Amino acid sequence: MNLEASPKIFLVGKQISHGNTRGSSVLDAHTQKRLVVFLLGLSIAAFGVGLIVKSELGVSPVMSVPYVVSLYLPFTFGTCVAAEQIILLALQKVILKSDFKLKALWQFPTAVFFGVLCDAALFCYSSFSLTAYYERILALCLGICILAIGLCFQFTANVSVTAPDGFMLALAQRFRSTYAKVKVSADWLFVAVSVGLSFYFFAELQGVREGTLISALGVGTAVGLVKPTVQTFLRERLLASTSSVRNE
């Protein structure tokens with residue numbers, strides 16, 4: 001995903017001038033469907049993240065910081081995820097200054113909701129254990145695939161971006177770079193912070209393992225594989241539904 005093609009907030013739509021109110025009601029219904037798809041995407045992604053955490057082989061770079069913090073402090077993983085994303089939202093204001101858009105504040109409820117979903121996912125996964133290494137690898141790979149599907153839902157909905165993506169987009173805008181280049185640097189930054197916190201808290205490395213590298217490389221690959229199918233399915237359903245309302 002590059003800076004130009006990244007998701008934008010869709011909450012304020014364009015006016016449709018058909019001489020009646022039927023056009024605006026269609027737009028409202030379409031926007032609501034996008035919001036539903038976006039929330040479903042967050043839910044699916046959270047359960048993917050939860051399964052990656054359950055593997056105990058390390059989490060993705062952006063999730064590694066809240067994961068390490070949750071191992072040390074008496075807060076849940078989801079709480080730490082929400083806190084990290086709120087901090088990243090605040091940093092967007094610092095980076096962009098007067099260019100910061102108020103619509104970015106939608107990232108705040110998104111962060112809280114996603115944190116709650118992460119905790120819900122871990123609660124659901126708490127009833128089973130993974131002992132063999134191959135079981136952990138399978139859980140990690142499955143979690144990556146589920147996360148990728150959830151991300152595709154969010155991209156297709158085109159409602160908003162999550163705070164980590166918003167943070168990277170803000171850096172790309174501020175330094176006139178691309179999202180892809182900034183993401184690589186940001187991932188290394190998140191890993192470095194996680195490693196530093198891990199040694200500070202535990203005097204050893206925790207939370208950053210082979211799964212961190214696999215997630216960093218695998219999520220993007222998985223998104224590329226499932227994105228065409230997911231987007232085609234969702235867009236056909238949305239467009240077909242909208243067309244049916246217009247033809248009533």
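Everything below is about the structure shown above.
I will try to describe carefully the structure that is included in this document.

### Some points on the environment of Leu 169
Link 1 in the chain: By secondary structure assignment, the location of Leu 169 is in helix 6 (residues 163-174).
Link 2 in the chain: Look at Leu 169 and you get buried, because its relative accessible area is 12%.

### Observations concerning the pattern of salt bridges
Link 1 in the chain: Inspection of every chain in the model, using the stated rule, returns 3 salt bridges.
Link 2 in the chain: In this structure, Lys 183 engages Asp 187 in a salt bridge whose closest nitrogen and oxygen atoms are separated by 2.9 Å. Taken together, the positions of Lys 183 and Asp 187, both in helix 7 (residues 179-202) and 4 residues apart, correspond to about one turn of that helix.
Link 3 in the chain: Look at Asp 187 and you get buried, because its relative accessible area is 14%.

### What to know about the nonpolar core
Link 1 in the chain: Ranked by size, the top nonpolar core spans 52 residues in total, and within it Val 49, Met 63, Phe 77 and Phe 114 carry the most contacts.
Link 2 in the chain: Elements with a minimum of two residues in this core: helix 1 (22-55), helix 2 (61-72), helix 3 (77-96), helix 4 (107-125), helix 5 (133-157), helix 6, helix 7 and helix 8 (210-246).
Link 3 in the chain: Element by element, the count of residues in this core is highest for helix 5, at 9 residues.

### What about the side chain of Thr 156?
Link 1 in the chain: Along the chain, the position of Thr 156 falls in helix 5.
Link 2 in the chain: Among the polar contacts listed, one links the side chain of Thr 156 to the backbone oxygen of Cys 152, at a separation of 2.7 Å.
Link 3 in the chain: Other than its neighbours up to four places away in sequence, Thr 156 contacts Arg 34, Gln 231, Leu 234 and Arg 235.

### Focus: the packing of aromatic side chains
Link 1 in the chain: Counted by the stated rule, this structure contains 7 aromatic pairs.
Link 2 in the chain: Aromatic pair Tyr 67 and Phe 77: ring centres 6.1 Å apart, planes at 75°, arrangement edge-to-face. Highlighted residues: Tyr 67 in helix 2 and Phe 77 in helix 3, separated in sequence by 10 residues.
Link 3 in the chain: A residue is classified by how much of its surface remains accessible, and Tyr 67, at 14% relative accessible area, is buried.

### Considering the layout of surface pockets
Link 1 in the chain: Empty space within the largest pocket amounts to approximately 1,000 Å³.
Link 2 in the chain: Around the largest pocket, the lining is made up of 36 residues, and of these Tyr 179, Lys 183, Asp 187, Ala 216 and Val 219 lie nearest the centre.
Link 3 in the chain: Looking at the lining of the largest pocket, its residues break down into 24 nonpolar, 7 polar and 5 charged.

### Observations regarding the state of the cysteines
Link 1 in the chain: One pass over the full model with this rule turns up 0 disulfides.
Link 2 in the chain: Cysteine Cys 141 shares no disulfide, and the gap to the nearest cysteine sulfur, in Cys 145, comes to 7.0 Å.

### Description of the packing of helix 2 against helix 3
Link 1 in the chain: Look at helix 2 against helix 3: their axes get within 8 Å of each other, and the N-to-C directions meet at 130°. With respect to helix 3, the element helix 2 is oriented oblique. By crossing handedness, the relation of helix 2 to helix 3 is classed as right-handed. Mapping the contact onto sequence places Val 62, Met 63, Val 65, Pro 66, Tyr 67, Val 69 and Ser 70 in helix 2 and Phe 77, Cys 80, Val 81, Glu 84 and Gln 85 in helix 3.

### Focus: unusual backbone geometry
Note: most peptide bonds trans; most residues except glycine with negative phi.
Link 1 in the chain: Here Glu 56, not a glycine, exhibits a phi torsion of approximately 60°, which is positive.
Link 2 in the chain: Structurally, Glu 56 can be placed in the loop between helix 1 and helix 2.
Link 3 in the chain: Given a relative accessible area of 45%, Glu 56 falls into the partly exposed group.
Link 4 in the chain: Although it is not a glycine, Arg 176 sits at a positive phi angle of roughly 55°.
Link 5 in the chain: Looking at the element boundaries, Arg 176 is found in the loop between helix 6 and helix 7.

Criteria and cut-off values
- In every chain, residue numbers begin from 1 and rise along the written sequence.
- Reporting in this predicted model follows two pLDDT cut-offs: at least 70 for local features of residues, and 80 or more for side-chain atom pairs to be given and counted; totals over whole chains, interfaces and linings ignore these cut-offs and use all residues.
- Calculated side-chain values reflect all of the structure's heavy atoms, with hydrogen atoms and water omitted.
- Runs of E in the DSSP output that reach at least two residues are strands. Runs of H or I that reach at least four are helices, and both are numbered from the N terminus.
- Under the scheme applied here, a residue whose accessible area is under 20% of the maximum for its type counts as buried, over 50% as exposed, and between as partly exposed, the area being computed with a 1.4 Å probe on protein chains only.
- Whenever a carboxyl oxygen of Asp or Glu lies within 4 Å of a side-chain nitrogen of Lys or Arg, that contact is scored as a salt bridge.
- Residues belong to one nonpolar core when they are buried, are Ala, Val, Leu, Ile, Met, Phe, Trp, Tyr or Cys, and are joined through side-chain atoms within 4.5 Å.
- Here a polar contact is taken to be a pair of N or O atoms separated by no more than 3.5 Å, where protein atoms must pair a possible hydrogen donor with a possible acceptor and residues adjacent in sequence count only if both atoms sit in side chains.
- Should any heavy atoms of two residues lie within 4.5 Å, those residues are considered in contact.
- Two rings from Phe, Tyr or Trp (for Trp, the six-membered ring) form a pair when their centres sit within 6.5 Å of each other. Planes less than 30 degrees apart are called stacked, planes more than 60 degrees apart edge-to-face, and all others tilted.
- Put plainly, a pocket is an open set of points on a 1 Å grid over the protein atoms alone with protein on both sides within 12 Å along at least five of seven lines, a cavity is a set where a 1.4 Å probe fits but cannot get out, and a lining residue has an atom within 4 Å of a point.
- Grid points are joined across faces, edges and corners, and a volume is the space filled by probe spheres set on the points.
- By the convention adopted, Pro, Cys, Tyr, Trp, Phe, Met, Ile, Leu, Val and Ala count as nonpolar, Lys, Arg, Asp and Glu as charged, and the other residues, Gly among them, as polar.
- When two cysteine sulfur atoms are found within 2.5 Å, that pair is recorded as a disulfide.
- Here, axes are lines fitted to C-alpha atoms. For helices the fit covers the stretch in contact, and angles between N-to-C directions go from 0 to 180 degrees.
- Angle categories are assigned with fixed cut-offs, so that under 35 degrees is roughly parallel, over 145 is roughly antiparallel, 65 to 115 is roughly perpendicular, and the rest are oblique.
- Two helices cross in a left-handed way if the nearer one is turned anticlockwise from the farther one by less than a right angle. They cross in a right-handed way if the turn is clockwise.

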